[in-house]
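Overview (structure and organization)
Each chain, letter by letter, is given below.
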Amino acid sequence: DHFVKVRALIRDLIERLNEQAKSEATQKSFCDKEMKAATDKRDKEQSNVEDNKAKISATEANIQQLTQEIADLSRGIADNKKALKEATDLRQKESAENEKPVAEAEAR
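Quick look at the overall build of the protein chain
On a plain count of helices and strands, the protein chain comes out with one helix and zero strands. Taking 13 Å as the expected radius of gyration for a compact globule of 108 residues, we find that the protein chain reaches 46 Å, considerably beyond that expectation. With respect to the principal axes defined by its C-alpha atoms, the protein chain has extents near 155 × 15 × 10 Å. Looking at the protein chain as a whole, 0% of its 108 residues qualify as buried. Here the protein chain has roughly 10300 Å² of accessible surface; of this, 57% comes from carbon and sulfur atoms. Here the protein chain contributes 21 positive and 23 negative side-chain charges, whose respective centroids are spaced 7 Å apart.

Overview of the environment of Asn-98
Relative to the helices and strands, Asn-98 resides in helix α1 (residues 2-107). With 14 residues separating them in the primary sequence, Asn-98 and Leu-84 have C-alpha atoms 21 Å apart.

Regarding a nonpolar patch on the surface
A cluster of nonpolar side chains, contributed by Val-6, Ile-10 and Ile-14, occupies part of the molecular surface with about 250 Å² of accessible area. Within the fold, Ile-14 resides in helix α1. Here Ile-14 falls in the partly exposed class, since its relative accessible area comes to 45%.

Overview of the pattern of salt bridges
Scanning the entire structure with this criterion turns up five salt bridges. Between Arg-42 and Asp-43 there is a salt bridge whose closest N-O contact spans 2.9 Å.

Observations regarding the environment of Leu-9
Note that Leu-9 resides in helix α1. Taking the C-alpha atoms as reference points, Leu-9 and Gln-64, 55 residues apart in sequence, are found 81 Å from one another.

Some points on the environment of Glu-19
Its location among the elements puts Glu-19 in helix α1. Take Glu-19: its relative accessible area is 53%, and that puts it in the exposed class. In this structure the C-alpha to C-alpha distance between Glu-19 and Thr-39, which are 20 residues apart in sequence, comes to 30 Å.

Cut-offs applied
- For every chain, the first residue of the written sequence is number 1, and numbering continues from 1 along that sequence.
- Selection of residues for local features in this predicted model requires a pLDDT of at least 70, selection of side-chain atom pairs for listing and counting requires 80 or more, and totals for whole chains, interfaces and linings are taken over all residues.
- Excluding hydrogens and water, the side-chain values take into account all heavy atoms of the structure.
- Segments assigned H or I by DSSP are reported as helices when at least four residues long, segments assigned E as strands when at least two residues long, and all are numbered from the N terminus.
- All radius of gyration figures rest on C-alpha atoms, and the globule criterion is 2.2 Å times the number of residues raised to 0.38.
- Type-normalised accessible area, obtained with a 1.4 Å probe on protein chains alone, sets the label of each residue: buried when under 20%, exposed when over 50%, and partly exposed for intermediate values.
- Only the protein chains shown count as cover for residues, and all accessible areas are computed by the Shrake-Rupley method using a 1.4 Å probe.
- We count Lys and Arg on the positive side and Asp and Glu on the negative side, and we leave His and both chain ends out.
- Note that the charge is assigned to NZ on lysines, CZ on arginines, CG on aspartates and CD on glutamates.
- Patch membership requires over 30% relative accessible area and the absence of a salt bridge. Like charges are linked within 9 Å, and nonpolar side chains (Val, Leu, Ile, Met, Phe, Trp, Tyr) within 5 Å.
- Here, a salt bridge means any Lys or Arg side-chain nitrogen found within 4 Å of an Asp or Glu carboxyl oxygen.

Written as structure tokens, this is what we have:
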């Protein structure tokens, strides 16, 4: 009689422990799955960050190169404007000098 109760209690305890083990296994499986998903997402985002940093570095280098090219071209434009002004001044001076003999020749 007492053994029947003890056996029933032991069976109930074993069933409860089995249910807890199943529940824990299900929870562990869920946690493992979620951990893997979170780790994969973190790794993907880290990769995106590194890709974006590389793009930023390349763009900054391109900006520096283009800035240097603009400065070089601006100096070239300034040099060309200076040369044009000097050539224009020289032509005007020569034209003025040539007008004198032409005017004298026409006066004759």
